[in-house]
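As a plain string of letters, each chain reads:
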Amino acid sequence: MKNQIWNKEMECMPRKELEALQLERLKALVDYCDKNVRFYHDRFEKAGITADKIKCLSDIQYIPYTTKADLRDTYPFGLLSVPQKKIVRVHASSGTTGNPTVVAYTREDMENWSEQVARVAYAAGANEDSMVQICFGYGMFTGALGLHYGLEKIGATVVPTSSGNTEKQLKFMRDFGTDTIVATPSYALYLAESAKERGIDFPMDSYKLRLGLLGSEGCTPEMRQQIEESWGNGFFCTDNYGMSELNGPGMSGECIYRDGLHINEDHFLCETIDSQTGDVLEKGATGELVVTNLTKRGLPILRYRTRDITKINYEPCQCGRTSARMSKIIGRSDDMLKIRGVNVFPSQVESALIGINSISPHYQLVVRREGFSDTLEVRVELIDASLLEIYGELEKLRRTIHDRIKAILGIEIKVNLVEPKTIERFTGKAQRVLDLRNK
């Protein structure tokens, strides 16, 4: 892959200049929100915050956090800072557990969003020669349209297939010569599985894929390696990060060296905090990611608690960018399981499973309450159902999986090996945890 930088002025800006720009934009944002958003005006007044009191970047700690609950409580348009006629796009979450979180964009917001995605896609290796198939669902979800406009900005050809209909996805890949896909890691792997199943009629060299822009769910290095090996032919995956509350995709993404996700710091100011206390952590410490979108104007967000756990590296990258890089998300503070006093993230189990022969990459964590303690069952899907009839081999495999997971988590778990194709596949974000504690 060739090292590409879309906007050298911003992506390679000296650190002192970048931080001066962030401070300037932070003060402007605080003043803007104070004057235009009643929600923030009331919070600032209670906290004694004004733009004049922001003297340095660390003063951001005095600004109250914004949470998902705040967006739901002000549903649908209580956080708008402009009249509705200035809004050109609205997106929203699914709202499966209450009111959806609604986000809105002015024309300037849309231009900034496209610029952010363009940088991320270009850093990964996409360019004006790319034929990109977008396998995210189009609609209120920000992922598909966010990547779509950013990819068009760099001149790539976009194939908006949306999610699902795997047979049609594979046909377009073959017929169009698709060289880049946008998908969740789990769906990219499922597509490779499906292509292999049709290998008699369409061998893997019928596909021209070389690049995957993966996002919307976590992807461990082990899973990434399995995706790349499944597609073969030098297929190369990068991870990108974003969420609708912060625009959508485009906040950060990996370059070809894959040494962290470069943050578009002229647009986003990031911190890590202790999820329990809310205290800001030292630079480089692992904690919950908190993000301020410095340039969003339609529905501005200050100090948004993402619930994602990561750490930030402020050293320059060998690619030439000076922007800080966030590590891959290791889990979410609200998705973290606490089993007999031990913090468990699905990604830890995934890392243990990858590379074990005879099992597929599809798994599920089942949590139950037995007596006064929680138990964890890991369901793992076999590749070959005939193994279920060979008790000795099955028990040996089960013990291998058990021991690898226990070595990572440090607690006793149950491993259940299930027949092929019995764990649900997802075209969107994979649901790895089945919580039965309240059943």
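See the structure printed just above.
Below you will find a few notes about this structure. Predicted, not measured: the structure shown is a model, and the values here were computed from it.

1. Re empty space enclosed by the protein
1) Next: As enumerated under the stated definition, the model contains 3 cavities of 30 Å³ or more in all.
2) Next: Volume-wise, the largest cavity comes out at about 120 Å³.
3) Next: Glu-11, His-262, Ile-263, Asn-264 and Ser-323 are, among the 14 residues lining the largest cavity, the residues nearest its centre.
4) Next: When residues of the lining of the largest cavity are traced back to their parent elements, those giving at least two are α1 (8–11), α5 (107–124) and β9 (261–263).

2. A short note on helix α8 (residues 185–197)
1) Next: With 13 residues, α8 ought to run about 18 Å at 1.5 Å a step, and its terminal C-alpha atoms sit 19 Å apart, in line with that.
2) Next: Taking burial as the measure, the 13 residues of α8 include 10 buried ones, the bulk of the element.
3) Next: When α8 is considered as a whole, its buried residues turn out to be Pro-185, Ser-186, Tyr-187, Ala-188, Leu-189, Leu-191, Ala-192, Glu-193, Ser-194 and Ala-195.
4) Next: For α8, the elements touching its buried residues are α7 (166–176), β5 (180–183), β6 (211–214), α9 (221–231) and β18 (359–370).

3. Focus: the sheet that holds strand β11 (residues 287–293)
1) Next: Judged by pairing direction, the sheet is antiparallel, and its 4 strands sit side by side in the order β10-β11-β12-β15 without closing on themselves. On the outer flanks of this sheet lie β10 (268–273) and β15 (331–332), each paired with one strand and no other.
2) Next: By the bridge criterion, 4 bridges tie β11 to strand β12 (residues 304–310) in an arrangement that is antiparallel. Bridge pairing in β12 places Glu-288 opposite Ile-309.

4. As for the nonpolar core
1) Next: Leu-26, Val-30, Ile-63, Met-251 and Leu-302 are the most contacted members of the largest nonpolar core, which totals 39 residues.
2) Next: Secondary-structure elements contributing two or more residues to this core are α2 (15–36), α3 (38–47), β7 (236–243), β9, β10 and β11.
3) Next: With 5 residues, the single largest contributor to this core is α2.
4) Next: Among the nonpolar cores identified, the runner-up in size contains 25 residues, and Tyr-363, Val-380, Ile-405 and Ile-413 belong to it.

5. Digging into a nonpolar patch on the surface
1) Next: Taken together, the side chains of Phe-77, Val-90 and Met-140 present a nonpolar region at the surface, about 260 Å² in accessible area.
2) Next: Relative accessible area serves as the criterion here: at 46%, Met-140 is assigned to the partly exposed category.

6. Topic: the side chain of Gln-364
1) Next: For Gln-364, the position within the fold is in strand β18.
2) Next: Filtering out sequence-adjacent residues up to four positions away, Gln-364 remains in contact with Glu-377, Val-378, Arg-379, Ile-423, Arg-432 and Leu-434.

7. Side note on the layout of surface pockets
1) Next: Here the second largest pocket is characterised by a volume of approximately 420 Å³.
2) Next: Forming the walls of the second largest pocket are 20 residues, and the residues nearest its centre are Cys-270, Glu-271, Val-280, Lys-283 and Tyr-314.
3) Next: Within the residue set of the lining of the second largest pocket, elements represented by two or more residues are α2 and β10.
4) Next: Considering every element that reaches the lining of the second largest pocket, the biggest residue donor is β10, with 4 residues.
5) Next: Residues of the lining of the second largest pocket, tallied by class, amount to 9 nonpolar, 5 polar and 6 charged.

Calculation criteria
- Residues numbered from 1 in each chain as written.
- Predicted model: local features only at pLDDT ≥ 70, side-chain atom pairs only at ≥ 80, totals over all residues.
- Heavy atoms only, no water.
- 1 Å grid on protein atoms, 1.4 Å probe; cavity = no way out; pocket = protein on both sides within 12 Å on 5 of 7 lines; lining within 4 Å.
- Points joined across faces, edges and corners; volume = space filled by probe spheres on them.
- Helix = DSSP H or I, 4+ residues; strand = E, 2+ residues; numbered from the N terminus.
- Expected span 1.5 Å × (residues − 1).
- Buried < 20%, exposed > 50% of the residue type's maximum accessible area, 1.4 Å probe, protein only.
- Contact = heavy atoms within 4.5 Å.
- Pairing = 2+ DSSP bridges.
- Core = buried A, V, L, I, M, F, W, Y, C linked by side-chain atoms within 4.5 Å.
- Patch = residues over 30% accessible without salt bridge, like charges linked within 9 Å, V, L, I, M, F, W, Y side chains within 5 Å.
- Areas by Shrake-Rupley, 256 points an atom, 1.4 Å probe, with all protein chains shown as cover.
- Salt bridge = Lys/Arg side-chain N within 4 Å of Asp/Glu carboxyl O.
- Nonpolar A, V, L, I, M, F, W, Y, C, P; charged D, E, K, R; others polar.

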